[in-house]
Amino acid sequence: MTDRRTGGLDWFRLWCALLVIANHTSPLQTLSPDADHLLTQVLARTAVPFFLMVTGYFLLPAVEEKGRKALLPFLQKGLLLYAGVTLLYLPLQLYKGYRPGPLQILRDLVFDGTFYHLWYFPALLLGAALVCLLPRRGLPLWGLLYLLGLLGDSYYGLTAALPAGKTLYDVLFLCFDQTRNGLFLAPIFLYLGGRLTKTPPRRDRRFYGWAALAALLLLTGEGLLVKGLELARYSTMYLSLPLVMWLLFRWLCALELPQRPSLRRLSTVVYVVHPWMIVAVRGCAKVMGLSELVVGSPFLFFALVTLSSFGGGVLWCRFLPLNRPKKVPSPPLALPRPLDAPRSPVRCWAEVDLSAVRHNIGVLRRCLPEGCQLMAVVKADGYGHGAEQIARACAAQGVDAFAVATVEEGTALRRSGVSGDILVLGRSFPAEFSDALRYDLTLTAADDLHAGELAAFGSPLRVHIAVDTGMHRLGFPCGDMESIAALYRNPQLKVEGLYTHFCTADSGEREDIAYTEEQARAFFSLVEFLRGQGITPGVLHLQASAGILHYRGLPCGYARPGLALYGVGGGDLRPALTLKCRVAAVRTLSPGDTAGYERAFTAQRPTRLAVLTIGYADGLPRALGGRGYVLIHGKAAPIVGRVCMDQTLADVTEIGEVLPGSEVIVIGPGLPAAAVAKSAGTIPNELLSRLGGRVERVYRETSSP
Ligand SMILES: *Cc1c(COP(=O)(O)O)cnc(C)c1O
């Protein structure tokens, strides 16, 4: 789920309203017909898709969450607005001599709209109904419809060249004027808008900004090409338009601006009223005898229409209740629940900053010798950060090897769409081998017995051999050189790598350093032996995070960072995770009062206690009771009494105003995981990997440190 600071979308809607006015007034007409074409027939064509995407962005998650009944209020409101606006333009239509037959009326109401800009409303309603009612059809169907639309729009020249194509579209054009309607144009953009809420961004704001700009250039090129080849029947749909819109939308979301609902309303009203303003400005100019001046200089005309439309829009929003949100009585708790983010985290959540992970990848890469790649360790759900999202963020940085602990974790990762190598570090069991084969996982051969099971499976499995150089956990004893060599010669195994694991690489003690160096030496002498036997040992790896940071320059193919990837370990690393909860209530105790289970806390002075919405079931170690801290308004509040399953008490006597609903930092800036773990008598790995299933994960992209 993404954090919704969607002000960028609100601002851009305003810009789109401006583009639509430009589209209908051609401000550059006299300056340069080409520039005008580019503005009105190419760039301005981003406006309507954008409106559609914004709708999809808010509507589809609601439908997904609450079911199709969430579509009803949307359709009701939309139909009402559509009816109102149709009536608003009826006088103009009649004045222009609009005398439709019944079929024409039907066609106009369902597809074309009864006035030139009104096609948007039926397109929106029809498209939304389609996308919400056929939710499983997804991109292939909406993409196909869009392509069909294209062939009746910007690329109609191609279609018309084929007799069959021409006949087909002739029939279609009996049903509607244009293919830019609810059937062909709207669904894909509504769908893409909804899709954006489900896929966290893989890159940062700057990337999306530049990419959107590049895509706009592509669109410009396509627009010029279509024009040059004279292919267009109408120029509203382009092949590159969905790409442009996707990148643009991502960029606007990544700006993380605060929401501006008033701009949202204003842009709708401007869209609705501007054709009236076009008529009004023309009429006024005529009455005042200024027609030649105003209509003769398109830019002035555009400016006047814009001014009057926005002026009218502001007045409308002020005085007409239509389209204004109902006043909701403010809730008694100050829980921030913005209108458009019903799913923003409430009780207890972990914010994961994917740009920090990217930063850490860079730091680690600088520690590695030439030719050594990262194998990102994402076991235990990415140390509590979310394996899938972390793996995707890594993949976007060119990491193409991953390590997990179990076949099940590997399977889940593969099913979420992660490609590249996935190594299972733990011991696997025969019942899991068929999954390993099916999902193309690489298994660890842990010892003789295990290797026998692997070889007996029937189909050769991909394998890395674990070597025990001193940890005495899994692995072939390093001295068993012959049996290790035999594995390479066994045709029932595809041995692709050889690895070992340090057990004390993070220690600075002289003895521990010697021990680690001995582990490395033993490993490389095994490698020498294998090479002497004419065996290519495959890819070699031995360092986890501490090994990468403290034992540089080991000649391997992979290094396997876990903890450091998530920013734990100090130095230049940047922690990716912030764990937060809220204040549920504040209590005042008199001296001598006790609090919590076993009455473990006794107030020595008048004390204010905050009840926090986190407990040991969420992964807050029970050992922190009486020992740890949380941060409220940036100040440390001691955790007191016993940590409960779902709640915890903190002493906030020394902290200014603390209200129910206030945010509390449990791990994060000013309170690093390593320090919290230390207070609890454990290590950050344990702390992070035990964050509970109730802790919601929220992904964000900030590039500031
Ligand atoms: C967990 C694990 C790692 C990653 O360890 P970190 O200390 O988190 O970097 C690497 N290799 C193996 C074999 C592991 O089990």
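Residues numbered from 1 in each chain as written. Predicted model: local features only at pLDDT ≥ 70, side-chain atom pairs only at ≥ 80, totals over all residues. Heavy atoms only, no water.

1. Some details on the overall build of the protein
Then step 1. From N to C terminus, the protein includes 26 helices and 20 strands.
Then step 2. The C-alpha extent of the protein, read off along each of the three principal axes, is 100 × 75 × 45 Å.
Then step 3. Taken across its 705 residues, the protein has 53% of its residues classed as buried.
Then step 4. A sequence separation of at least 24 residues applies to 71% of the contacts in the protein between residues at least 6 apart.
Then step 5. Accessible area for the protein stands at about 32400 Å²; split by element, carbon and sulfur atoms hold 61% of it.
Then step 6. Averaging the coordinates of the 70 positive side-chain charges in the protein and doing the same for the 55 negative ones gives two points 10 Å apart. (Helix = DSSP H or I, 4+ residues; strand = E, 2+ residues; numbered from the N terminus. Buried < 20%, exposed > 50% of the residue type's maximum accessible area, 1.4 Å probe, protein only. Contact = heavy atoms within 4.5 Å. Areas by Shrake-Rupley, 256 points an atom, 1.4 Å probe, with all protein chains shown as cover. Lys, Arg positive; Asp, Glu negative; His and termini not counted. Charge placed at Lys NZ, Arg CZ, Asp CG, Glu CD.)

2. A few points about the site of the ligand
Then step 1. Every residue near the ligand is listed here: Val377, Lys379, Tyr383, Leu425, Arg473, His501, Ala544, Ser545, Arg560, Pro561, Gly562 and Leu563.
Then step 2. Here an oxygen atom of the ligand sits 2.7 Å away from a polar atom, N or O, in the side chain of lysine 379.
Then step 3. Summarising the interface, the protein chains cover 86% of the accessible area of the ligand, which totals 390 Å² for the free molecule.
Then step 4. Of the residues assigned to the shell around the ligand, the class counts are six nonpolar, three polar and three charged. (Near = heavy atom within 4 Å. Polar contact = N/O pair within 3.5 Å; in protein donor to acceptor, adjacent residues only side chain to side chain. Nonpolar A, V, L, I, M, F, W, Y, C, P; charged D, E, K, R; others polar.)

3. Regarding the nonpolar core
Then step 1. Counting residues in hydrophobic clusters, the biggest one holds 117 residues, and the most contacted among them are Phe402, Ile465 and Leu498.
Then step 2. Those residues in contact with leucine 498 that sit more than four places away from it in its chain are Ile465, Val467, Ile484, Tyr488, Phe523, Leu526, Val527, Leu530, Pro537, Val539, Leu540 and His541.
Then step 3. By size, the runner-up hydrophobic cluster in this structure holds 101 residues, among which are Ala17, Leu52, Met245 and Val272. (Core = buried A, V, L, I, M, F, W, Y, C linked by side-chain atoms within 4.5 Å.)

4. Some points on the confidence of the model for the protein
Then step 1. In this model, the protein carries an average pLDDT of 91, and 95% of its residues clear a pLDDT of 70 or more.
Then step 2. Note on residues 325-342: pLDDT is under 50 here. Beyond four places in sequence and across chains, it has 16 contacts. (pLDDT = per-residue confidence, 0-100.)

5. Brief notes about the pattern of salt bridges
Then step 1. For the structure shown, the criterion picks out 23 salt bridges.
Then step 2. With its nearest N and O atoms 2.7 Å apart, the salt bridge here joins arginine 347 to aspartate 618. On the criterion of sequence distance, the pair formed by arginine 347 in the loop between α15 (298-319) and β1 (348-353) and aspartate 618 in the loop between β15 (607-612) and β16 (629-632) is long-range, its members being 271 residues apart.
Then step 3. A salt bridge links glutamate 598 to arginine 642; the shortest N-O distance between them is 3.0 Å. With glutamate 598 in the loop between β13 (594-595) and β14 (601-602) and arginine 642 in the loop between β17 (635-640) and β18 (648-651), the pair connects residues that are 44 residues apart, well separated along the chain.
Then step 4. Put simply, Arg414, Asp421, Asp440, Arg462 and Glu496 are held in one network by salt bridges that share partners. (Salt bridge = Lys/Arg side-chain N within 4 Å of Asp/Glu carboxyl O.)

6. With respect to the state of the cysteines
One way to say it: the disulfide is the covalent bond shared by the sulfur atoms of two cysteines.
Then step 1. As enumerated under the stated definition, the model contains zero disulfides in all.
Then step 2. Cysteine cysteine 394 shares no disulfide, and the gap to the nearest cysteine sulfur, in cysteine 372, comes to 15 Å.
Then step 3. Given a relative accessible area of 0%, cysteine 394 falls into the buried group.
Then step 4. The cysteine cysteine 644 is free of any disulfide, with cysteine 581 supplying the nearest cysteine sulfur at 13 Å.
Then step 5. Residue cysteine 644 is classed as buried on the basis of its relative accessible area of 19%. (Disulfide = S-S within 2.5 Å.)

7. Observations regarding the environment of leucine 364
Then step 1. Along the polypeptide, leucine 364 turns up in helix α16 (residues 354-367).
Then step 2. By relative accessible area, leucine 364 is classed as buried at 0%.
Then step 3. For leucine 364 and serine 545, which are 181 residues apart along the polypeptide, the C-alpha to C-alpha distance reads 8.5 Å.
Then step 4. Among all residues touching leucine 364, those that are not within four sequence positions of it are Leu374, Ile548, Leu549, Pro561, Ala564 and Leu565.

8. Quick look at the packing of aromatic side chains
Two aromatic rings, taken as a pair, are described by how far apart their centres are and by the angle between their planes.
Then step 1. One pass over the full model with this rule turns up 25 aromatic pairs.
Then step 2. Where tyrosine 89 meets phenylalanine 115, the ring centres are 4.9 Å apart and the plane angle is 25 degrees; that geometry is what we call stacked. Here phenylalanine 115 lies in the loop between α5 (102-112) and α6 (120-133) and tyrosine 89 lies in helix α4 (residues 71-95), a separation of 26 residues in the sequence. Residues tyrosine 89 and phenylalanine 115 agree in their burial class; the two are buried.
Then step 3. Within the aromatic cluster, the residues linked to one another by ring pairs are Phe12, Phe50, Tyr57, Phe58 and Phe249.
Then step 4. When the ring centre of tyrosine 156 is taken as origin, the NZ or CZ atom of arginine 233, which lies over that ring, is 5.6 Å away.
Then step 5. Geometry around phenylalanine 173 places arginine 233 over its ring, the cationic atom sitting 3.5 Å from the centre. (Phe/Tyr/Trp six-rings, centres within 6.5 Å; stacked < 30°, edge-to-face > 60°. Lys NZ or Arg CZ within 6 Å of the ring centre and 35° of its normal.)

9. Brief notes about the pairing of β18
Then step 1. On β18, burial covers both faces: Thr648 and Ala650 on one face and Leu649 and Asp651 on the other are all buried.
Then step 2. By the bridge criterion, two bridges tie β17 to β18 in an arrangement that is antiparallel. Counterpart to valine 640 in the pairing with β18 is leucine 649. (Pairing = 2+ DSSP bridges.)

10. Let's talk about α5
Then step 1. Every buried residue of α5 is listed here: Arg107, Asp108, Phe111 and Asp112. Considered in projection along α5, the buried side chains sweep an arc of 105 degrees and stay on one side of the axis. In α5, the exposed positions that point more than 90 degrees away from the buried face belong to Pro102 and Leu106.
Then step 2. At its buried positions, α5 is contacted by α4, α6 and α9 (163-175).
Then step 3. Glycine 113, located one to two residues past α5, shows a positive phi value of around 80 degrees. (Arc of directions from axis to C-beta.)

11. So, the packing of α4 against α6
Then step 1. Running from N to C, α4 and α6 point in directions that differ by 165 degrees, and their axes come no closer than 10 Å. By the angle between their directions, the pair α4 and α6 is classed as roughly antiparallel. The two elements α4 and α6 cross, and the hand of that crossing is left-handed. When α4 is examined against α6, the residues Leu71, Phe74, Leu75, Gly78, Leu79, Leu81, Tyr82 and Val85 are found in contact with a partner set consisting of Phe121, Pro122, Leu124, Leu125, Ala128, Ala129, Cys132 and Leu133.
Then step 2. Residue classes in the contact of α4 with α6 are distributed as 15 nonpolar, one polar and no charged. (Axes fitted to C-alpha atoms, helices over the stretch in contact; angles between N-to-C directions. Parallel < 35°, antiparallel > 145°, perpendicular 65-115°, else oblique. Left-handed = near helix turned anticlockwise from the far one by under 90°.)

12. Topic: a nonpolar patch on the surface
Then step 1. Together, Val287, Met288, Leu290, Leu293, Leu300 and Leu304 line one region of the surface with nonpolar side chains, adding up to about 560 Å² of accessible area.
Then step 2. Structurally, valine 287 can be placed in helix α13 (residues 261-287). (Patch = residues over 30% accessible without salt bridge, like charges linked within 9 Å, V, L, I, M, F, W, Y side chains within 5 Å.)

13. A closer look at unusual backbone geometry
Then step 1. Despite not being glycine, glutamate 230 shows a phi value in the positive range, around 55 degrees.
Then step 2. Looking at the secondary structure, you find glutamate 230 in the loop between α11 (205-228) and α12 (241-254).
Then step 3. Glutamate 230 gets classed as exposed once you look at its relative accessible area, which sits at 68%.
Then step 4. Not every positive phi belongs to a glycine, and histidine 472 is a case in point at roughly 55 degrees.
Then step 5. Topologically, histidine 472 is positioned in the loop between β7 (461-468) and β8 (476-477).
Then step 6. Overall, histidine 472 belongs to the exposed group, its relative accessible area being 62%.

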